Amino acid sequence: MRSTLTVLLSTFALTVPAISAETLTIYTYESFTAEWGPGPQVEKAFEARCGCDVQFVSVADGVALLNRVRLEGKAVKADIVLGLDTNLTKEAADTGLFAPHGVTATNIAVPGGWSDPDFLPFDYGYFAVVYDSEKMATPPTSLKDLVEGDAAQKVVIQDPRTSTPGLGLVLWMKSVYGDAAADAWKKLKGRVLTVTPGWSEAYGLFTKGEAPMVLSYTTSPAYHVIAEGVERYKAASFAEGHYMQVEVAGMTVRGRDNPLSKQFLEFMLTPEFQDIIPETNWMLPAAPTSKPRNPAFDALVKPVKTLEFSPGEVAANRKAWVAEWTDAMSQ
């Protein structure tokens, strides 16, 4: 099979091949299309089914996907957008650029169930502060500990204007602190080493030893155990609970005219796709798998409470809550 993977190095510098009836173009985020991510395996498996040509085009992170689609508008070149999450689905649907998926999905297994007519989940997880246990003997045990802890112990976070984990932290802070979130951000600012556009850059700085903590997921330590045989990286369990993320894919109005779009969304919920997710995207599968999960996943932090805003609540408040973050971080 000839390689068709296109990696977009800039959110706005986008080159997409001409579309034919046998081509499926999927916008997603960089870590999905990375050599170690699920993209290469998903591409190979679906092409074997459809006899088609899958073109992945990636941007830095999930919020950047929505920004990209908005920028292109009706000229959007994607058939499928994969990598938004439920904190963005209301805003995405309101663009008018997504079409109902038409998939009968009775096997979705995400907490709280699923009923969205435009988007389907492909994985889920919980945001967490991941720390290096060889550099931190006493990790934070709550969001309050993180906010008010030793400023010498730095954390790398992501920008909520481009990154779904960055937005997730804004929502996590808001769900715990409410109207006092602005003051909490001002306190936390002293612990922030840097803010990156996306998850990949932040996690890379963390594993290079630039900071002892990074905003990531409760599932991230499983990667190090399974792929590297390393147990030093752990997720801190927070007393207030952890904010949940459900990642989704949707069919664009352009993709509605491509039969491959619905075929891919149906494929996404099969064990063949879902088996790929845990040990490449390092998240939890959104539908049944055909093989047992590695025991390393059983040892992960299990949130004492799931924190979550509805898509409508996020859509109504995201601009103001991100502006609150921006104001605090710029002072």
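Within every chain, residues take consecutive numbers counted from 1 along the sequence as written. Only residues with pLDDT of at least 70 are given local features in this predicted model, and only at 80 or more are side-chain atom pairs given and counted; all residues enter the totals for whole chains, interfaces and linings. Side-chain measures were taken over the full set of non-hydrogen atoms in the model, leaving aside hydrogen atoms and water.

1. Observations concerning the state of the cysteines
The disulfide definition used here is simple: a pair of cysteine sulfur atoms within 2.5 Å. Evaluated as defined, the whole model comprises 1 disulfide. Here Cys-50 pairs with Cys-52 through a disulfide, and the sulfurs are 1.8 Å apart. Disulfide Cys-50 to Cys-52: torsion about the S-S bond roughly -70 degrees, handedness left-handed.

2. Structural notes on the side chain of Thr-164
Per the convention used, a helix needs a DSSP run of H or I reaching at least four residues, while a strand needs a run of E reaching at least two, with both numbered from the N terminus. You can see Thr-164 is positioned in helix 6 (residues 164-177). Exposure classes here rest on a 1.4 Å probe applied to the protein chains alone. A residue is buried below 20% of its type maximum, exposed above 50%, and partly exposed in between. Under the relative-accessibility criterion, Thr-164 is labelled buried at 1%. N or O atoms within 3.5 Å of each other form a polar contact, as long as, within protein, one can give a hydrogen and the other can take it, and as long as residues adjacent in sequence are counted only when both atoms are side-chain atoms. There is a polar contact of 3.4 Å between the side chain of Thr-164 and the side chain of Asp-61. Discounting residues that sit within four places of it in the chain, Thr-164 has contacts with Asp-61, Gly-62, Val-63, Gly-83, Asp-85, Leu-88, Phe-127 and Gln-245. We call two residues contacting when some pair of their heavy atoms lies within 4.5 Å.

3. Some points on unusual backbone geometry
Residues other than glycine predominantly adopt negative phi, and peptide bonds predominantly adopt the trans conformation. Unusually for a residue other than glycine, Trp-282 sits at a positive phi of about 55 degrees. Note that Trp-282 resides in the loop between helix 11 (271-274) and strand 11 (284-285).

4. Details of the environment of Asp-145
Mapping Asp-145 onto the fold places it in helix 5 (residues 143-148). Along the sequence, Asp-145 and Phe-238 sit 93 residues apart, while their C-alpha atoms lie 8.9 Å from each other. In contact with Asp-145, other than residues within four places in its own chain, are Pro-140 and Arg-191. In terms of polar contacts, Asp-145 uses its side chain to reach the side chain of Thr-141, at 2.7 Å.

5. Overview of the packing of aromatic side chains
In this scheme Phe, Tyr and Trp rings, the latter by its six-membered ring, pair at centre separations within 6.5 Å, and the angle between planes marks the pair as stacked below 30 degrees, edge-to-face above 60, and tilted otherwise. In total, this model carries 19 aromatic pairs according to the counting rule given. Judged by centre distance (4.9 Å) and plane angle (20 degrees), the rings of Trp-199 and Tyr-203 are stacked. Of this pair, Trp-199 and Tyr-203 both sit in helix 8 (residues 199-207), 4 residues apart, roughly one helical turn. When sorted by exposure, Trp-199 lands in the same class as Tyr-203, which is buried. Through a chain of ring-to-ring contacts, the aromatic side chains of Tyr-29, Phe-32, Phe-56 and Phe-122 assemble into a single cluster.

6. Points about the packing of helix 2 (residues 39-50) against helix 10 (residues 259-268)
Axis lines are fitted to C-alpha atoms, over the contacting stretch for helices. Their N-to-C directions set the angle, which ranges from 0 to 180 degrees. Interhelical geometry of helix 2 versus helix 10 gives an angle of 120 degrees and a closest axis separation of 11 Å. Between helix 2 and helix 10, the interaxial angle falls into the category oblique. Relative to helix 10, helix 2 is oriented so that their crossing is right-handed. Contact residues: Val-42, Ala-45, Phe-46, Arg-49 and Cys-50 in helix 2; Leu-260, Gln-263, Phe-264 and Phe-267 in helix 10. Across the contact of helix 2 with helix 10, the residue classes break down as 7 nonpolar, 1 polar and 1 charged. If an angle is under 35 degrees, it is roughly parallel; if it is over 145, roughly antiparallel; if it lies from 65 to 115, roughly perpendicular; otherwise it is oblique. Here is the rule for handedness: rotate from the far helix to the near one, and if that takes an anticlockwise turn smaller than a right angle the crossing is left-handed, while a clockwise turn gives right-handed. Put simply, Ala, Val, Leu, Ile, Met, Phe, Trp, Tyr, Cys and Pro go in the nonpolar bin, Asp, Glu, Lys and Arg in the charged bin, and everything else, Gly too, in the polar bin.

7. Things to note about the packing of helix 6 against helix 12 (residues 311-330)
Helix 12 packs onto helix 6 with a crossing angle of 95 degrees between their chain directions and a minimal axis gap of 10 Å. Our classification of the angle between helix 6 and helix 12 gives roughly perpendicular. Here helix 6 contributes Leu-167, Val-170, Leu-171 and Lys-174 to the contact with helix 12, which in turn contributes Val-314, Arg-318, Trp-321, Val-322, Glu-324 and Trp-325. Taken together, the residues of the contact of helix 6 with helix 12 sort by class into 7 nonpolar, no polar and 3 charged.

8. Comments concerning the pairing of strand 2 (residues 53-59)
Counting buried residues along strand 2, 7 of its 7 residues qualify, which places the element largely inside the surrounding structure. Side chains Asp-53, Gln-55, Val-57 and Val-59 of strand 2 all project onto a buried face; the interleaved residues Val-54, Phe-56 and Ser-58 project onto the opposite face, where all are buried too. Following DSSP output, two strands are said to pair if at least two bridges run between them. Here strand 1 (residues 23-29) pairs with strand 2 via 7 bridges, running parallel. Counted as the bridge partner of Tyr-29 is Val-59 from strand 2.

9. With respect to the nonpolar core
Generally speaking, soluble globular proteins have nonpolar side chains that are buried together. Here, the term nonpolar core denotes a set of buried Ala, Val, Leu, Ile, Met, Phe, Trp, Tyr and Cys residues that are joined through side-chain atoms within 4.5 Å. Leu-84, Trp-185 and Phe-264 are the most contacted members of the largest nonpolar core, which totals 103 residues. Among the elements that make up this core, the one with the highest residue count is strand 5 (residues 119-132) (10 residues). The contact partners of Phe-264, leaving out residues within four places of it in the chain, are Leu-24, Ile-26, Val-42, Phe-46, Ile-80, Leu-82 and Phe-273.

10. Observations regarding the pattern of salt bridges
Note on definitions: salt bridges are taken to be side-chain nitrogens of Lys or Arg within 4 Å of carboxyl oxygens of Asp or Glu. Evaluation of the coordinates by the stated rule reveals 11 salt bridges. One salt bridge in this structure joins Glu-148 and Lys-144, with 3.0 Å as the shortest N-O distance. In this pair, Glu-148 and Lys-144 both sit in helix 5, 4 residues apart, roughly one turn of the helix. Given the relative accessible area of 45%, Lys-144 is considered partly exposed.

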